[in-house]
Amino acid sequence: MEKMRKLPDAEFNIMKVVWASASPVTANMIMKQHGNEAGWKVQTAISLLLRLVERGFLHTEKNGKERTYFPKVDKETYFKFETGKFMKQFHDNSFLKLVTTMYDDKAMTDKDIGELLEWIKTRRDGS
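Right, let's walk through the structure included here. Here the structure is a predicted model, which is why all the values come from computation and not from measurement.

### Thoughts on the overall build of the protein chain
Link 1 in the chain: The helix and strand tally for the protein chain stands at six helices and two strands.
Link 2 in the chain: When the elements of the protein chain are put in sequence order from the N terminus, they spell out α-α-α-β-β-α-α-α.
Link 3 in the chain: In terms of overall dimensions, the protein chain is more spread out than a globule: its C-alpha atoms have a radius of gyration of 19 Å, far above the 14 Å expected for 127 residues.
Link 4 in the chain: In terms of principal-axis extent, the alpha carbons of the protein chain reach across some 55 × 30 × 25 Å.
Link 5 in the chain: Within the protein chain, residue pairs in contact and separated by at least 24 positions form 49% of the contacts whose partners lie at least 6 positions apart.
Link 6 in the chain: A total of about 8900 Å² of accessible surface is found on the protein chain, and carbon and sulfur atoms cover 54% of it.
Link 7 in the chain: Here the protein chain contributes 22 positively and 18 negatively charged side chains, and the mean placements of these two sets differ by 6 Å.

Structure follows, in structure tokens:
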């Protein structure tokens with residue numbers, strides 16, 4: 001796969017369906033799980049699936065009249081990519097800046113901080 005790039009929202013929504021489904025998926029499955037709710041036509045789902053194939057996120061095979069799509073990039077790999085990009089772009093790769101922003105904006109509660117401290121302690125102790 002060439003250098004990974006951020007997915008537009010519509011393609012990301014398709015990948016969420018792919019990652020949550022047992023492989024393979026079809027355009028009809030995408031429509032049932034997201035496309036109808038989004039107001040897409042079947043051709044829209046097919047176009048987005050083909051774009052994901054071109055970008056290296058999916059592999060496709062023809063089975064009779066229908067195409068099936070398989071993930072080539074797993075959810076964890078993509079989330080690590082996005083999180084790393086986010087941390088660099090918005091927080092200078094500083095976890096402290098991220099936590100400070102979230103705490104100052106009241107997005108993180110004292111309970112969240114306590115859980116984070118417990119997680120750090122567990123990791124540090126090797127438990």
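Structure shown, so let's carry the discussion forward.
### Focus: a nonpolar patch on the surface
Link 1 in the chain: Together, Leu117, Trp119 and Ile120 make up an exposed nonpolar region whose accessible area comes to about 310 Å².
Link 2 in the chain: On the secondary structure map, Leu117 appears in helix H6 (residues 110–125).

### Brief notes about the packing of helix H1 (residues 9–20) against helix H2 (residues 27–38)
Link 1 in the chain: As a packed pair, H1 and H2 sit with axes 10 Å apart at the nearest point and diverge in direction by 120°. Classed by the angle they form, the pair H1 and H2 counts as oblique. As H1 packs across H2, the resulting crossing turns out to be right-handed. Facing H1, whose interface residues are Asn13, Ile14, Val17 and Val18, H2 presents Ile30, Gln33 and His34.
Link 2 in the chain: Its residues assigned to classes, the contact of H1 with H2 comprises four nonpolar, three polar and no charged.

About the criteria used
- Residues numbered from 1 in each chain as written.
- Predicted model: local features only at pLDDT ≥ 70, side-chain atom pairs only at ≥ 80, totals over all residues.
- Heavy atoms only, no water.
- Helix = DSSP H or I, 4+ residues; strand = E, 2+ residues; numbered from the N terminus.
- Rg over C-alpha atoms; globule rule 2.2 N^0.38 Å.
- Contact = heavy atoms within 4.5 Å.
- Areas by Shrake-Rupley, 256 points an atom, 1.4 Å probe, with all protein chains shown as cover.
- Lys, Arg positive; Asp, Glu negative; His and termini not counted.
- Charge placed at Lys NZ, Arg CZ, Asp CG, Glu CD.
- Patch = residues over 30% accessible without salt bridge, like charges linked within 9 Å, V, L, I, M, F, W, Y side chains within 5 Å.
- Salt bridge = Lys/Arg side-chain N within 4 Å of Asp/Glu carboxyl O.
- Axes fitted to C-alpha atoms, helices over the stretch in contact; angles between N-to-C directions.
- Parallel < 35°, antiparallel > 145°, perpendicular 65-115°, else oblique.
- Left-handed = near helix turned anticlockwise from the far one by under 90°.
- Nonpolar A, V, L, I, M, F, W, Y, C, P; charged D, E, K, R; others polar.

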